[in-house]
Each structure stands twice: as structure tokens, then as C-alpha cells.
Amino acid sequence: MPRFFCVRDTHADRLTRAWAGLIALSLASALLTLVPVGPRLVGGGILLLALFKARIILARYLDLERSPAWLRGFTLVLSTFAALIFALYLV
């Protein structure tokens, strides 16, 4: 009878998936510039996608997913900074 092993989620697999996610978000940012909408909406969308990318980098590459409090703190600071940048962009 064959043995079936449970496939484990290795650190390298998670980093590869994070890299693929970053590539997909970069592609989405580039494609967003081709959408015929107002520049303010495009700017906000690109900023939001950049926040998603920053969270992936913090969680996966810097391994902050093991420390939820630090990840939450960095996410709060980055979100506040992005909101300030977006507000200045709208002015």
C-alpha cells in the first residue's frame, strides 16, 4: 500500500507564493494605468496596491506574520502614511 505524505508548507514555498503575489500586484498596478478613469482614482488604486505589497513584504519576507502585534503596528503606520500621501495628492 502506498504511503501518502502530508505536504508541508515550507518557508521557501511561502516566499515563492509571496513573490508571485508581488508580481501580480505589480502587473495590476501597471494595468490600472491603462483603465480610462480619472487620475485621482488611478492614483488611489496604485497607492492601495502598494499598501498590499508592503504588507506582503512585511509579513512574508520580514517574517512578521509570526509576530501579529508588530505586523499590526507596521500596517497601522503604513496605512496612516499612505492616507496622508493620498490626501496631499488630492490637494
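Residues numbered from 1 in each chain as written. Predicted model: local features only at pLDDT ≥ 70, side-chain atom pairs only at ≥ 80, totals over all residues. Heavy atoms only, no water.

You'll find the chain entered in an unreviewed UniProt entry as Nitric oxide reductase NorF protein, with Ruegeria intermedia given as the organism. Listed under Subcellular location (unreviewed entry) in UniProt, the entry text for the chain is "Cell membrane". (UniProt positions renumbered as here; feature names shortened; annotations may be inferred.)

Undergrad: Give a description of a nonpolar patch on the surface that names residues and reports values.
TA: Residues Trp19, Ile23, Ile57, Tyr61 and Leu62 make up a contiguous nonpolar surface patch of roughly 520 Å² in combined accessible area. Secondary-structure elements contributing two or more residues to the nonpolar patch are helix H1 (11–32) and helix H2 (39–61). Summarising the element assignment, isoleucine 57 is placed in helix H2. Its relative accessible area of 37% is what places isoleucine 57 among the partly exposed residues. (Patch = residues over 30% accessible without salt bridge, like charges linked within 9 Å, V, L, I, M, F, W, Y side chains within 5 Å. Areas by Shrake-Rupley, 256 points an atom, 1.4 Å probe, with all protein chains shown as cover. Salt bridge = Lys/Arg side-chain N within 4 Å of Asp/Glu carboxyl O. Helix = DSSP H or I, 4+ residues; strand = E, 2+ residues; numbered from the N terminus. Buried < 20%, exposed > 50% of the residue type's maximum accessible area, 1.4 Å probe, protein only.)

Undergrad: Can you lay out the UniProt feature "transmembrane region" (unreviewed entry) in the chain for me, pointing to particular residues and giving the numbers?
TA: Annotation from UniProt places "transmembrane region" (unreviewed entry) at residues 18–35 and 70–90. Note that residues 18–35 is 83% helix and 0% strand, and that its end C-alpha atoms are spaced 26 Å apart.

Undergrad: Any details on the packing of H2 against helix H3 (residues 68–90)? Residues and values, ideally.
TA: In the contact formed by H2 and H3, the axes pass within 10 Å of each other and the chain directions differ by 165°. Between H2 and H3, the angle is such that the two are roughly antiparallel. Between H2 and H3 lies a crossing of right-handed hand. Here Pro39, Arg40, Gly43, Gly44, Leu47, Leu51, Ala54, Arg55, Leu58 and Ala59 of H2 lie close against H3, whose contacting residues are Leu71, Phe74, Thr75, Leu78, Ser79, Ala82, Ile85, Phe86, Tyr89 and Leu90. (Axes fitted to C-alpha atoms, helices over the stretch in contact; angles between N-to-C directions. Parallel < 35°, antiparallel > 145°, perpendicular 65-115°, else oblique. Left-handed = near helix turned anticlockwise from the far one by under 90°. Contact = heavy atoms within 4.5 Å.)

Undergrad: For the pattern of salt bridges, give the residues involved together with the corresponding values.
TA: One side chain can pair with another of opposite charge once the charged atoms of both are near each other. Overall, the coordinates contain four salt bridges when judged by the stated rule. The partner of aspartate 63 in a salt bridge is arginine 14, with the nearest N and O atoms 3.7 Å apart. Of this pair, aspartate 63 sits in the loop between H2 and H3 while arginine 14 is found in helix H1, placing the two residues 49 residues apart along the sequence. Arginine 60 is the partner of glutamate 65 in a salt bridge, and the nearest nitrogen-oxygen pair spans 3.4 Å. Arginine 60 gets classed as partly exposed once you look at its relative accessible area, which sits at 28%. One connected set of salt bridges, linked through shared partners, spans Arg14, Arg60, Asp63, Glu65 and Arg66.

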